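Summary of the model geometry
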Amino acid sequence: MELYKIETYRINELKGDSLCNALTWLDECPIETENNDGTMYLDYLSDDWFNGYEDEVTEHCEINDYLFAYDGTPIHRFIKDNHKAQ
């Protein structure tokens, strides 16, 4: 078995294009939310991030074990797949 070292980052550690890549990936599956009047809408995490709710987006990523490579590419699937195989 070969071991590889992967340097990972939390979303709040990313900057510039790396952050944009991570937010773009998160926006591929927006969160369906209900307004107070009962209508449904899609909540995009990039909107939350740029409206000052960085902590909520960071918490969402932590709860879902989302980690990113230096360029904002999500790596959580790679880690989980390899962890299950061991």
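Throughout, residues of each chain are indexed from 1 in the direction in which the sequence is written. Whole-chain, interface and lining totals are the exception, using all residues; otherwise, since this is a predicted model, local features are given only for residues with pLDDT of at least 70 and side-chain atom pairs are given and counted only at 80 or more. Side-chain numbers come from the whole structure's heavy atoms, not from hydrogens or water.

We now examine the overall build of the chain. The helix count covers DSSP runs of H or I at least four residues long, the strand count covers runs of E at least two residues long, and both are numbered beginning at the N terminus. Check the secondary structure of the chain and you find four helices and two strands. Secondary structure elements of the chain, listed N to C terminal, follow the sequence α-β-β-α-α-α. Across the 86 residues in the chain, those meeting the buried criterion constitute 27%. A contact between two residues is defined here by any heavy atoms of the two lying within 4.5 Å. Taking contacts inside the chain between residues at least 6 apart in sequence as the whole, the part at least 24 apart equals 51%. When the accessible surface of the chain is totalled, it reaches about 6600 Å², and 48% of it is carbon and sulfur. Three exposure classes are used, based on accessible area relative to the maximum for each residue type with a 1.4 Å probe and protein chains only: buried under 20%, partly exposed in between, and exposed over 50%. Here the accessible surface of atoms and residues is derived via Shrake-Rupley with a 1.4 Å probe, and residues count as covered only by protein chains that are part of the display.

The next subject is the environment of T58. As for its placement among the helices and strands, T58 is situated in helix α3 (residues 54–63). T58 sits in the buried class, given a relative accessible area of 9%. Through-space distance from the C-alpha of T58 to that of N12 is 6.4 Å; in sequence the pair is 46 residues apart. In contact with T58, not counting residues within four places along its chain, are I11, N12 and W49. Nitrogen and oxygen atoms within 3.5 Å of one another constitute a polar contact, given that in protein one can donate a hydrogen and the other can accept it, and given that sequence-neighbouring residues count only through two side-chain atoms. At 2.9 Å, the side chain of T58 forms a polar contact with the backbone oxygen of E54.

This part takes up the packing of aromatic side chains. Aromatic pairs are defined between Phe, Tyr and Trp rings, using the six-membered ring for Trp, whenever the two ring centres lie within 6.5 Å; interplanar angles under 30 degrees are classed as stacked, those over 60 as edge-to-face, and all others as tilted. A complete count under the given rule lists two aromatic pairs for this structure. For the ring pair W25 and Y66, a centre distance of 5.0 Å and an interplane angle of 85 degrees mean the geometry is edge-to-face. On the criterion of sequence distance, the pair formed by W25 in helix α1 (residues 16–27) and Y66 in the loop between α3 and α4 (76–85) is long-range, its members being 41 residues apart. Residue classification places W25 among the buried residues on the basis of a relative accessible area of 16%. In this structure Y66 comes out as buried when scored by relative accessible area, which is 19%. On the basis of an interplanar angle of 75 degrees and a centroid distance of 6.2 Å, the ring pair of W25 and F68 is categorised as edge-to-face. With a gap of 43 residues between them, W25 in helix α1 and F68 in the loop between α3 and α4 connect regions that are remote in the sequence.

For a regular strand, side chains alternate in direction, first toward one face of the sheet and then toward the other. Pairing of strand β1 (residues 31–34) with strand β2 (residues 40–43) involves four bridges; the strand directions are antiparallel. By the bridge assignment, E34 is partnered in β2 with M40. Any two strands with at least two DSSP-identified bridges between them are counted as paired. Joining the antiparallel neighbours β1 and β2 is a turn of five residues, in which G38 adopts a positive phi near 95 degrees.

Honestly, it's all geometry; don't read function into it.
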